[in-house]
Amino acid sequence: MLKGYIIEKFSKMTGAYTCNRLVEEAAKRGVDLKIVGMADVVAGSENTLYHHGEKLEQCDFVINRYKYGHIKDEIGALAKRTYNNTESFNIYINKYKGNILYSIFICYLCGAF
């Protein structure tokens with residue numbers, strides 16, 4: 001049986017049609033798919049992660065739907081395959097930080113400071 005996680009902000013995504021539909025369709029096909037909310041995950045000792053008190057185990061795939069925080073990167077490392085991989089999300093997030101630093105540097109060169 002395939003096993004996977006959907007990474008979201010919260011585990012209880014009752015109003016999230018997409019997440020719930022993916023879980024529903026996965027169950028019809030015999031796939032164990034679980035919504036894992038970043039707000040509900042804690043890091044333990046020895047690089048372990050816990051979701052509502054249960055240790056997150058290795059899985060076949062992760063569908064990453066949440067782009068903030070470092071725990072999503074650690075959950076992605078549990079999977080053999082990651083969709084919306086963490087490297088792409090991290091580049092997306094960091095591009096704004098880089099643009100701000102570049103703007104400050106240009107202002108400095110132009111004598112604005």
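Everything quoted here is computed from the prediction, not taken from an experiment. (Residues numbered from 1 in each chain as written. Predicted model: local features only at pLDDT ≥ 70, side-chain atom pairs only at ≥ 80, totals over all residues. Heavy atoms only, no water.)

Caption draft 1: Expanded view of the sheet that holds strand β1 (residues 3–8). Read across the open sheet, the four strands follow the order β2-β1-β6-β7; overall the sheet is parallel. The open sheet has two edge strands, β2 (32–37) and β7 (79–83), and neither has a second partner. Going from strand to strand, the sheet's axes swing by 20° on average, the running direction of each strand aside. Inspection of the sheet shows β1 paired to strand β6 (residues 59–64) by four bridges, in the parallel sense. Bridging from a neighbouring strand, Tyr5 pairs with Val62 of β6. Relative to the sheet, helix α1 (residues 17–28) contacts β1, β2 and β6, its axis offset from that of β2 by approximately 155°. (Pairing = 2+ DSSP bridges. Helix = DSSP H or I, 4+ residues; strand = E, 2+ residues; numbered from the N terminus. Axes fitted to C-alpha atoms, helices over the stretch in contact; angles between N-to-C directions. Contact = heavy atoms within 4.5 Å.)

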